[in-house]
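Each chain, written out:
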Amino acid sequence: MTTAEITPAKTRTPRRLGDRIFAGSSVFAGSLILVVLAAVAIFLIAQSLPALMADPSAVTKDGSGFWAYVWPLVFGTVWAAALALLFALPLSIGIALFISHYAPRRLAQGLGYVVDLLAAVPSVVFGLWGITVLAPAVQPLYAWLVENMGWFPLFAGPVSGTGRSILTVAVVLAVMILPIITALSREVFLQTPRLHEEAALALGATRWEMIRIAVLPFGRPGIISATMLGLGRALGETMAVAMVLSPAAVVSFALLTSQNPSTIAANIALNFPEAHDIGVNVLVATGLILFLITLAVNSGARLVINRRKDFSGAN
């Protein structure tokens, strides 16, 4: 008697119809995302080629060319998003830690709902708030900073008379991305294994020491993911920036002046209604640059997150 006759044949368990439908729909949805992304990239490249290959005098009035036109926009986009992230990240992590490890349950639930609802506010409302409330309120502070700290390059004058500066835009963007980073960080902190926290406390650690040695290292990949998601929102924000900012084609680190670098998204929104012929291709080409910036930021974040394979929530 051979071995094949002794060993029972392995039977394959038939998959139920619901499992097959769910698996097929999941594969289709994942593939559809890649198809849409590729279609967007192809459209942007095809529409950008005329602007990239056109004569410089046809792109800009002074004949400086496309790259001289787009560089201040790239700088303004990255500069405003970086400032917003600088303001929002520490505050978001602090709120998330307070909700997850310090606040009583009822207060934590209420704060969680408020933070989640803040993410649902339209960007136009944030823009109106920035123009009518924030800009007039911070203008005296800007004047004081220029008068007393104007020797520092970031606070160099002349101060904006309306308060509509790049710093005001950064504050508005920080408020807009704060609920995104806070909500995701809160969920990551709540996933910290209870045994890790109890072990740290049993060894004599205070609550803050327990958070520092157990919660934050575990949640680092999730914090990075939340940060990059908020940064992507700040990079692509359009209406709030277009409504608050007083744009100019400059590259300047000054935070309080009325001459501020514009962002790519706001520039497209402001100029697209009047654009025609090669002007449309120029704006689409700037959109391609923004697409590449966002793709590079997210790819870099994935490289950092993949170093922690044990954190399944970010992979």
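Quantities reported herein were computed from a predicted structural model and do not represent experimental measurements. (Residues numbered from 1 in each chain as written. Predicted model: local features only at pLDDT ≥ 70, side-chain atom pairs only at ≥ 80, totals over all residues. Heavy atoms only, no water.)

A few words on the nonpolar core. Ranked by internal contacts, the top residues of the largest apolar core, which has 52 residues, are Phe66, Ile166, Leu173, Ile177, Leu255, Leu256 and Ile289. When contributions to this core are tallied by element, the ones reaching two or more residues are helix 4 (66-102), helix 6 (123-149), helix 7 (166-190), helix 9 (207-236), helix 10 (239-244), helix 11 (264-271) and helix 12 (278-305). The element that contributes the greatest number of residues to this core is helix 4, accounting for 12 residues. Those residues in contact with Leu173 that lie beyond four places of it in its chain are Ala80, Ala84, Ala234, Glu237 and Val241. Ranked by size, the runner-up nonpolar core spans 10 residues in total, among them Leu97, Ala205, Met210 and Val215. (Core = buried A, V, L, I, M, F, W, Y, C linked by side-chain atoms within 4.5 Å. Buried < 20%, exposed > 50% of the residue type's maximum accessible area, 1.4 Å probe, protein only. Helix = DSSP H or I, 4+ residues; strand = E, 2+ residues; numbered from the N terminus. Contact = heavy atoms within 4.5 Å.)

At a minimum axis separation of 9 Å, helix 6 and helix 7 run at an interaxial angle of 135°. Overall, the two elements helix 6 and helix 7 adopt an arrangement that is oblique. Pair helix 6 / helix 7 crosses with right-handed handedness. Two secondary-structure elements touch here, helix 6 through Ser123, Phe126, Trp129, Gly130, Leu134, Ala135, Val138 and Tyr142 and helix 7 through Leu167, Thr168, Val171, Val172, Val175 and Met176. (Axes fitted to C-alpha atoms, helices over the stretch in contact; angles between N-to-C directions. Parallel < 35°, antiparallel > 145°, perpendicular 65-115°, else oblique. Left-handed = near helix turned anticlockwise from the far one by under 90°.)

A word on a nonpolar patch on the surface. A cluster of nonpolar side chains, contributed by Phe28, Leu32, Val35, Val36 and Val40, occupies part of the molecular surface with about 450 Å² of accessible area. Tracing the chain through its elements places Val40 in helix 2 (residues 17-53). Assessed through its relative accessible area of 36%, Val40 is described here as partly exposed. (Patch = residues over 30% accessible without salt bridge, like charges linked within 9 Å, V, L, I, M, F, W, Y side chains within 5 Å. Areas by Shrake-Rupley, 256 points an atom, 1.4 Å probe, with all protein chains shown as cover. Salt bridge = Lys/Arg side-chain N within 4 Å of Asp/Glu carboxyl O.)

Another aspect to go through is the layout of surface pockets. Space inside the largest pocket adds up to approximately 640 Å³. Lining the largest pocket are 25 residues, and of these Val59, Thr60, Tyr69, Asn271 and Val282 sit closest to its centre. Lining the second largest pocket are Ile99, Ser100, Ala103, Pro104, Arg105, Ala108, Gln109, Gly112, Tyr113, Asp116, Arg186 and Leu190. Of all the secondary-structure elements, those providing two or more residues to the lining of the second largest pocket are helix 4, helix 5 (105-118) and helix 7. Looking at the lining of the second largest pocket, the element that brings in the most residues is helix 5, giving six residues. A breakdown of the residues in the lining of the second largest pocket according to their chemical character gives six nonpolar, three polar and three charged. (1 Å grid on protein atoms, 1.4 Å probe; cavity = no way out; pocket = protein on both sides within 12 Å on 5 of 7 lines; lining within 4 Å. Points joined across faces, edges and corners; volume = space filled by probe spheres on them. Nonpolar A, V, L, I, M, F, W, Y, C, P; charged D, E, K, R; others polar.)

It is worth spelling out the pattern of salt bridges at this point. Throughout the structure, instances matching the rule amount to four salt bridges. For Glu187, the salt bridge identified is with Arg186, shortest N-O distance 3.2 Å. Given a relative accessible area of 9%, Arg186 falls into the buried group. The shortest N-O distance in the salt bridge between Glu237 and Arg233 comes to 3.3 Å. Given the relative accessible area of 7%, Glu237 is considered buried. Given a relative accessible area of 27%, Arg233 falls into the partly exposed group. Taken together, the salt bridges that share partners define one network made up of Asp116, Arg186 and Glu187.

Here the focus is the confidence of the model for the protein chain. Scored by pLDDT, the protein chain comes out at a mean of 83, with 93% of its residues at no less than 70. Considering only residues more than four positions removed or in separate chains, one finds that residues 311-315, a stretch of pLDDT under 50, has 14 contacts. (pLDDT = per-residue confidence, 0-100.)

Take the side chain of Ser123 next. As for its position among the elements, Ser123 is in helix 6. On the accessibility criterion, Ser123 (18% relative accessible area) is buried. Ignoring anything within four residues of it in the chain, the contact list for Ser123 reads Met176, Arg233, Glu237, Met239 and Ala240.

Here we take up the packing of aromatic side chains. With the rule as written, the count across this model stands at seven aromatic pairs. Judged by centre distance (6.4 Å) and plane angle (50°), the rings of Trp71 and Phe75 are tilted. You can see Trp71 and its partner Phe75 sitting in helix 4, four residues apart, about one turn around the helix. Looking at Phe75, the relative accessible area reads 11%, which means it is buried. (Phe/Tyr/Trp six-rings, centres within 6.5 Å; stacked < 30°, edge-to-face > 60°.)

Turning our eyes to something else, we now look at helix 7. A rise of 1.5 Å per residue sets the reference length of helix 7, with its 25 residues, at 36 Å; its end C-alpha atoms lie 35 Å apart and thus fit the reference within 8%. Along its length, helix 7 shows its largest kink, about 35°, at Ile177, and proline Pro179 lies within four residues downstream of that point. Within helix 7, 20 of the 25 residues are buried, leaving the element largely enclosed by the surrounding structure. (Expected span 1.5 Å × (residues − 1). Bend = angle between axes of the 7 residues up to and from the residue.)

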